[in-house]
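# Observations on the three-dimensional arrangement
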Amino acid sequence: MLRTGQGWQLVRERAVVGMLFSASSVATVTTIAIFLTLIVNGWEFFSVVPMREFLLGTVWAPDFVPRSFGSLPLVKGTFQIALGALVVALPLGVGSALYVSEFAPGRLRAVLKPAIEILAGIPSIVFGLVALFVISPIVRQLFPGTGVFNAASAAVALGVMVVPIIAAISEDALRAVPRELREGAFALGATRWEAAWNVVLPAARSGVIASVILGFSRAIGETMAVTLAAGLVPNMSWNFLEPTQTITAFIANRAGGDLPTGSIEYRAIFALGLVLFVITFVINLVAQFSLAAQRRKFS
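Please read these numbers as outputs of a predicted model, since none were measured by experiment.

Right, let's get into the overall build of the protein. A count of helices and strands for the protein gives 12 helices and two strands. Overall, the protein shows an N-to-C arrangement of helices and strands of α-α-β-β-α-α-α-α-α-α-α-α-α-α. By its C-alpha atoms, the protein is 70 × 70 × 30 Å across when sized along the principal axes. In the protein, which comprises 299 residues, the share counted as buried stands at 43%. Contacts spanning at least 24 positions in sequence make up 72% of the contacts within the protein whose residues lie at least 6 apart. Accessible area of the protein: about 16200 Å², with a carbon and sulfur share of 69%.

In this structure the tally under the stated criterion is eight salt bridges. For E171, the salt bridge is made with R175, and the minimal N-O distance between the two is 3.6 Å. Linking E171 with R175, this pair stays in helix α6 (residues 151-175), spanning four residues, or about one helical turn. Using a relative accessible area of 2% as the deciding quantity, one classes E171 as buried. When its relative accessible area of 46% is taken as the criterion, R175 is described as partly exposed. Among the charged side chains, a salt-bridge network with shared partners connects K113, E171, D172 and R175.

Nonpolar side chains collect at one region of the surface, where I122, I125, V126, L129, V130, F133, V134, I138, L142, F143 and M224 lie side by side and expose about 950 Å² of accessible area between them. If you tally residues by element for the nonpolar patch, the top one is helix α5 (residues 124-142), at eight residues. As for its position among the elements, I125 is in helix α5.

Here the focus is the environment of R140. Assignment of secondary structure puts R140 in helix α5. R140 sits 10 residues away from N150 along the chain, and the two C-alpha atoms are 9.4 Å apart. If we ignore the near neighbours within four places in the chain, the residues touching R140 are T146, G147 and V148.

Quick look at the nonpolar core now. The tendency in soluble globular proteins is for nonpolar side chains to be buried side by side. Core analysis: the biggest nonpolar cluster contains 68 residues, and F45, F54, W60, I247 and L272 have the highest contact counts within it. In terms of residues, this core owes the most to one element, α6, which gives 12 residues. Apart from the residues lying within four places of it in its own chain, the contact partners of F45 are F54, F69, I264, R267, A268 and A271.

A separate point is the packing of aromatic side chains. The full count for this structure, using the stated rule, is 13 aromatic pairs. With 5.4 Å between their ring centres and 20 degrees between their planes, W193 and W197 make a pair best called stacked. In this pair, W193 and W197 both sit in helix α8 (residues 192-203), four residues apart, roughly one turn of the helix. The exposure class assigned to W193 is partly exposed, which follows from its relative accessible area of 48%. Ring pairing ties together the aromatic residues F45, F46, F54, W60, F69 and F250, which thus form one cluster. Here K76 stacks its cationic end above the ring of W238, 6.0 Å away from the centre of that ring.

With that settled, consider the packing of helix α3 (residues 72-102) against α6. Packing of α3 against α6 leaves a shortest axis separation of 5 Å and a crossing angle of 35 degrees. Regarding α3 and α6, the two cross each other, and that crossing is right-handed. Along the lines of polarity and charge, the residues of the contact of α3 with α6 split into 22 nonpolar, seven polar and three charged.

What follows concerns the environment of G262. Take G262: it is sitting in the loop between α11 (247-255) and α12 (264-297). A relative accessible area of 39% means that G262 is categorised as partly exposed. Placed 217 residues apart in sequence, G262 and F45 show a C-alpha to C-alpha distance of 9.4 Å.

This brings us to the environment of N150. With respect to the element layout, N150 can be found in the loop between α5 and α6. At 3.1 Å, the side chain of N150 and the backbone oxygen of G147 are in polar contact. Among the polar contacts made by the side chain of N150, one reaches the side chain of S153 at a distance of 2.8 Å.

Parameters and conventions
Residues numbered from 1 in each chain as written. Predicted model: local features only at pLDDT ≥ 70, side-chain atom pairs only at ≥ 80, totals over all residues. Heavy atoms only, no water. Helix = DSSP H or I, 4+ residues; strand = E, 2+ residues; numbered from the N terminus. Buried < 20%, exposed > 50% of the residue type's maximum accessible area, 1.4 Å probe, protein only. Contact = heavy atoms within 4.5 Å. Areas by Shrake-Rupley, 256 points an atom, 1.4 Å probe, with all protein chains shown as cover. Salt bridge = Lys/Arg side-chain N within 4 Å of Asp/Glu carboxyl O. Patch = residues over 30% accessible without salt bridge, like charges linked within 9 Å, V, L, I, M, F, W, Y side chains within 5 Å. Core = buried A, V, L, I, M, F, W, Y, C linked by side-chain atoms within 4.5 Å. Phe/Tyr/Trp six-rings, centres within 6.5 Å; stacked < 30°, edge-to-face > 60°. Lys NZ or Arg CZ within 6 Å of the ring centre and 35° of its normal. Axes fitted to C-alpha atoms, helices over the stretch in contact; angles between N-to-C directions. Left-handed = near helix turned anticlockwise from the far one by under 90°. Nonpolar A, V, L, I, M, F, W, Y, C, P; charged D, E, K, R; others polar. Polar contact = N/O pair within 3.5 Å; in protein donor to acceptor, adjacent residues only side chain to side chain.

Just geometry here; none of it tells us what the structure is for.
In structure tokens form, the structure reads like this:
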């Protein structure tokens, strides 16, 4: 039989465990609630607009007659800017991680790592303003005839935003590589660069790939920067010097308006949100599998 003191300790422990379980369940419950909200409202949209037309249609014109709800232009714009951002962020992020992990002295590493990560704390609307008033004029000088709003400016700004995610996760993956691999490379006569490029980076490949995928997912879901810089013109052109529109930009632009609740335009926002949810869910799932492979590799 438990003594009174031991009984109270057990009660307290169970209470703490229950509180921790509740806290850990909040994210899961919230995700499920968001998904159900999108499903319910999206289902009502698809009862009016055929799913095939929505997913495969190449014209998005909800405000014109006849109305068209083909989501491909918005999906294309989303991937176009996200891929452009990845072209900018990949060399900067992985290069920064490789330098901080393998070459930077201790004192310099202590300064560089927080300096890179502080980019993640800058509001996205600030990047949007920089894209609109700094990057866009440069693009227009380099390519005369380009408009104020263009996909290139948004992609560059978004690429800088994604750098901290890729750099932080890649640096952790690189530092997780056993020291014995580096020492083995040095023993065979490799230089620091040869060891880093030919041994350490391939060994951390799964973690680096996961960082890139997570950065891509972050770019897919960005709103304010692309809304300000890319424009509001849904189209099927992959020309980065032309304006375009992403899923998030359309939702942000229309959700703040005076759409009648229950209208087809109102339901369209939830249908697009459902598409974006599925895209980011799949991307994050792939990233988690890559990170799990990295952990198993060195466990």
